[in-house]
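Per-entry structural report
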Amino acid sequence: MGDSVLVTGGAGYIGSHACKALAEAGYVPVTYDSFVTGWREAVQFGPLEEGDLRDADRLDAVMARHAPVAVMHFAALSNVGEASTDPGLYWDNNLTGSLRLLQAMAAHGVRHLVFSSTCATYGEQDGVMLDETCPQRPLNAYGASKRAVEDMIANFAAMTRAGPGPDLAHVFFRYFNVAGADPGARIGEFHRPETHLIPLALDAVRGRRDRLTVFGQDYPTPDGTCVRDYVHVTDLIAAHLLGLEYLLRGGAPAAFNLGTGRGFSVREVVEAVARVTGEAVPAEDGPRRAGDCAALVSGSRRAAETLGWQPRHSTLEEMISTAWAWHQRPGYAR
Ligand code: UDP
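Residues numbered from 1 in each chain as written. Predicted model: local features only at pLDDT ≥ 70, side-chain atom pairs only at ≥ 80, totals over all residues. Heavy atoms only, no water.

1. Describing the overall build of the protein
Check the secondary structure of the protein and you find 10 helices and 15 strands. Each of the three principal axes of the protein carries a C-alpha extent, and together these read 60 × 45 × 40 Å. Residues counted as buried form 55% of the 334 residues belonging to the protein. Contacts spanning at least 24 positions in sequence make up 77% of the contacts within the protein whose residues lie at least 6 apart. Taken as a whole, the protein presents about 14000 Å² of accessible surface, with 51% of it coming from carbon and sulfur. (Helix = DSSP H or I, 4+ residues; strand = E, 2+ residues; numbered from the N terminus. Buried < 20%, exposed > 50% of the residue type's maximum accessible area, 1.4 Å probe, protein only. Contact = heavy atoms within 4.5 Å. Areas by Shrake-Rupley, 256 points an atom, 1.4 Å probe, with all protein chains shown as cover.)

Now the structure itself:
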């Protein structure tokens, strides 16, 4: 039996893909999830431990039972709109939950941590291409809470370096726009409510919603709609496995952007959805959405140079076609 890796948020979109990849790599992925936003059908690749990250006793028992060699920490609330209306919820869930996790890791001597962060920690920048050296000026409570967790992890690591025990080795992955689904369509993206562009466009094609609204047409971009850098969840998770191996080899703490370095506008995405599905996307123009930056494109050289990571599945066509297969599977969005 392989080493256990505790996957917080293992029942969510990205966490469940991590569990699959970990199991394929010979690890035992232990899902720790509260099911506030996760779903049970996604837990297919290893043991499940139900619980809230803020529940210190529960975390303690889970750490004692599984003795994980590392933690991949995905569990978080991540709806930017909700974060703006209820920031306290985000600070409590994301920050307190992460604090309890770090305390449990310290108590059980678990010293490898892969943390799921976000390009939302950068906020609005002058340039379009964001690399890891850009200042972090998050615009909303979601980005701010993720940035605060990065700081907290770095601080815990500094304390462990100064102390008698082993260091807390860690990497942060700052995601750009994650899209697509597992090629076998066993797991995929599913949020309640759904707020993301590609699943919403697919829902509009399937008639699950009347139409897609394109948020803003007057941005300073080539066609006036927002530009984002989309990365396939399979590629994103491949980076997490490389990050885990890097830590287990003794790699130094680092933050890595995960994106392709190529941006697509909302209109380009909508056109690609029409091409892949063979159906027109019912869409209308609407006003800007509060908090959206005009363009966010990743400079990802560091992940390539340090981890040897290259996106291999992140064409719009592959992201949309795998998401489309997932949307069409029986039982989707029960
Ligand atoms: N978007 C849109 N209509 C929607 C949802 C999203 O026009 O119904 C746009 C949004 O303004 C952004 C891009 O699509 O420019 C990607 O948004 P998403 O919510 O998928 O990801 P985000 O960039 O917010 O992380």
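From this point on, the discussion continues.
2. Things to note about the site of the ligand
For the ligand, the set of nearby residues contains 15 residues, the closest of which are Leu197, Thr213, Arg228, Arg289 and Asp292. Measuring from an oxygen atom of the ligand, one finds a backbone N or O atom of Leu197 at 2.8 Å. In this structure, Phe215 approaches the ligand through a main-chain N or O atom, which is 2.9 Å from an oxygen atom. When the free accessible area of the ligand is taken as 510 Å², the share hidden by the protein chains comes to 87%. Secondary structure elements with two or more residues in the shell around the ligand: α6 (197-206) and β9 (212-215). Along the lines of polarity and charge, the residues of the shell around the ligand split into 8 nonpolar, 4 polar and 3 charged. (Near = heavy atom within 4 Å. Polar contact = N/O pair within 3.5 Å; in protein donor to acceptor, adjacent residues only side chain to side chain. Nonpolar A, V, L, I, M, F, W, Y, C, P; charged D, E, K, R; others polar.)

3. Notes on the packing of aromatic side chains
Remark: the centre distance and the inter-plane angle together describe each pair of aromatic rings, the angle taken between the planes. Summed over all chains, the structure comprises 4 aromatic pairs. Judged by centre distance (6.1 Å) and plane angle (85 degrees), the ring pair of Tyr246 and Phe256 falls under edge-to-face. Within this pair, whereas Tyr246 is found in helix α7 (residues 233-248), its partner Phe256 is found in strand β12 (residues 254-258), the two being separated by 10 residues in sequence. Across the pair, exposure class does not vary: Tyr246 and Phe256 are buried alike. Through successive ring pairs, a cluster of aromatic residues spans Phe173, Tyr246 and Phe256. A cation over a ring is seen here: Arg40 above Phe35, with NZ or CZ 4.0 Å from the ring centre. Here Arg288 stacks its cationic end above the ring of Tyr219, 3.9 Å away from the centre of that ring. (Phe/Tyr/Trp six-rings, centres within 6.5 Å; stacked < 30°, edge-to-face > 60°. Lys NZ or Arg CZ within 6 Å of the ring centre and 35° of its normal.)

4. Here we look at unusual backbone geometry
Here the residue pair Arg192 and Pro193 is connected by a cis peptide bond, since its omega of -5 degrees sits within 30 degrees of zero. Positive phi values are uncommon outside glycine, yet Ala67 reaches one of about 40 degrees. A relative accessible area of 58% means that Ala67 is categorised as exposed.

5. As for the sheet that holds strand β7 (residues 169-175)
The strand order across the open sheet built from 7 strands is β3-β2-β1-β4-β5-β7-β12, with neighbouring strands paired in parallel fashion. Whereas interior strands pair on both sides, the edge strands pair on one side only; in this sheet they are β3 (48-50) and β12. Strand after strand, the sheet turns through a mean of 20 degrees between neighbouring axes, direction not considered. In the packing of α7 onto the sheet, the strands contacted are β1 (4-8), β4 (70-73), β5 (112-118), β7 and β12, and the crossing angle to β7 comes to about 165 degrees. (Pairing = 2+ DSSP bridges. Axes fitted to C-alpha atoms, helices over the stretch in contact; angles between N-to-C directions.)

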